[in-house]
Amino acid sequence: LFLTLGVALLCVNYTYEYLASNGLLGDRVYEKYMLQKYQKGGIASGRSDSAVSIALALKSPIFGYGSYAKNKGNIADKTAEELGVDWDEDSDDLLPGHSHIWGAWVYAGLGGLIYWLYVIIYLIKRFREGIMILDKKLLGYTMLIFMSNMWNILFSPFQGRLSVISLVVLFMVYEQMYKEKKLSHA
């Protein structure tokens, strides 16, 4: 399964690089690709929102700035200027949060950071226990949503909150099934 996933990712990466570098995905994608490929920071050069969100979280680590906080007083712009990065502010003028983790820390403070770290640790522990192989019919679906949701948690702040909760609930169901099966064999 992991070998297939690895080969698929390499194919997708090659295809994307070919299409983007030849301008077949449009001018904006071409410019972003070239920026990320040839700048000193590599892919991070296109992720100034990540650097700004981390800096903002460190400026108010305990309480954050509130749910979906606005860029009042241009704090994100000033932070980007301090960091020396070129940050394109969002059209809705929200403070940036590059991932669920950084976004939660920026918006909710330490509580948000702890929550998402707990979710990641919980999911990884259940995954390592192999509890999802109790019902092999769901294994493909579980792997699909596990991988896509881990990507969303680590790299995308606003991507599919409902799907993340669905993944957590699925693993809680697996955990309960595992406990019941373990008790029935004792």
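Residues numbered from 1 in each chain as written. Predicted model: local features only at pLDDT ≥ 70, side-chain atom pairs only at ≥ 80, totals over all residues. Heavy atoms only, no water.

Explain the overall build of the protein here, please?
When helices and strands are tallied, the protein shows eight helices and zero strands. Listing every helix and strand of the protein by position from the N terminus yields α-α-α-α-α-α-α-α. In the protein, buried positions account for 34% of the 186 residues. Considering only contacts in the protein between residues 6 or more positions apart, those separated by 24 or more positions represent 63%. (Helix = DSSP H or I, 4+ residues; strand = E, 2+ residues; numbered from the N terminus. Buried < 20%, exposed > 50% of the residue type's maximum accessible area, 1.4 Å probe, protein only. Contact = heavy atoms within 4.5 Å.)

Looking at this structure, how should I read helix 5 (residues 100–108)?
Owing to its 3.6 residues per turn, the α-helix aligns residues three or four sequence positions apart on the same side. The buried fraction of helix 5 is high, at seven of nine residues. Within helix 5, the full set of buried residues consists of His100, Ile101, Gly103, Ala104, Trp105, Val106 and Tyr107. The positive-phi residue at the C-terminal boundary of helix 5 is glycine 109, with phi of around 75°.

Before we go on, may I ask you to explain unusual backbone geometry in this structure?
It is generally the case that most residues other than glycine have a negative phi and that most peptide bonds are trans. Notably, tyrosine 68 is not glycine yet its phi reads approximately 45°, a positive angle. Along the chain, tyrosine 68 turns up in the loop between helix 3 (48–59) and helix 4 (75–83). Taking relative accessible area as the criterion, tyrosine 68 reaches 43% and is therefore assigned partly exposed. We note that asparagine 74 has phi near 55°; this positive angle belongs to a residue other than glycine. One can find asparagine 74 in the loop between helix 3 and helix 4. Note on asparagine 74: relative accessible area 40%, which makes it partly exposed.

Just to check I follow, could you spell out the side chain of serine 53 for this structure?
Here serine 53 lies in helix 3. For serine 53, a relative accessible area of 0% corresponds to the buried category. If we skip the residues at most four places from it in the chain, serine 53 touches Pro96, Gly97, His98, Trp102 and Val106.

Teacher, can you tell me more about the packing of aromatic side chains here?
Geometry of an aromatic ring pair is reported as the spacing of the ring centres plus the angle between the planes. By the definition in use, this model includes seven aromatic pairs. Where phenylalanine 127 meets phenylalanine 146, the ring centres are 4.5 Å apart and the plane angle is 5°; that geometry is what we call stacked. You can see phenylalanine 127 sitting in helix 6 (residues 110–129) and its partner phenylalanine 146 sitting in helix 7 (residues 139–155), a full 19 residues away along the chain. Through pairs of rings, three or more aromatic residues link up here, namely Phe127, Phe146, Phe171 and Tyr174. (Phe/Tyr/Trp six-rings, centres within 6.5 Å; stacked < 30°, edge-to-face > 60°.)

It is not clear to me how the nonpolar core should be interpreted in this structure. Could you clarify?
Side chains of a nonpolar character, in soluble globular proteins, are inclined to be buried together. In this structure, Leu95, Trp116, Leu123, Phe146, Ile153 and Phe171 are the most contacted members of the largest nonpolar core, which totals 33 residues. Breaking this core down by element, the ones donating at least two residues are helix 3, helix 4, helix 5, helix 6, helix 7 and helix 8 (161–184). No other element matches helix 6, which puts seven residues into this core. Leave out the neighbours within four places in its chain, and leucine 123 touches Phe146, Met150, Ile153, Leu167, Val168 and Phe171. (Core = buried A, V, L, I, M, F, W, Y, C linked by side-chain atoms within 4.5 Å.)

What is the right way to look at the environment of leucine 139 in this model?
Among the secondary structure elements, leucine 139 is positioned in helix 7. Apart from the residues lying within four places of it in its own chain, the contact partners of leucine 139 are Met132 and Ile133.

Got a minute to help me understand the packing of helix 3 against helix 5 in this structure?
Helices that pack against each other are described as a pair by the angle of their axes relative to one another and the distance between those axes. Orientation of helix 3 relative to helix 5, taken along the N-to-C sense of each, is 40°, at an axis distance of 8 Å. In terms of axis orientation, helix 3 runs oblique to helix 5. Once helix 3 is placed against helix 5, the crossing between them reads as left-handed. For the pair formed by helix 3 and helix 5, the contact residues are Ser50, Ser53, Ile54, Leu56, Ala57 and Leu58 on the first element and Trp102, Trp105 and Val106 on the second. Partitioned by chemical class, the residues of the contact of helix 3 with helix 5 number seven nonpolar, two polar and no charged. (Axes fitted to C-alpha atoms, helices over the stretch in contact; angles between N-to-C directions. Parallel < 35°, antiparallel > 145°, perpendicular 65-115°, else oblique. Left-handed = near helix turned anticlockwise from the far one by under 90°. Nonpolar A, V, L, I, M, F, W, Y, C, P; charged D, E, K, R; others polar.)

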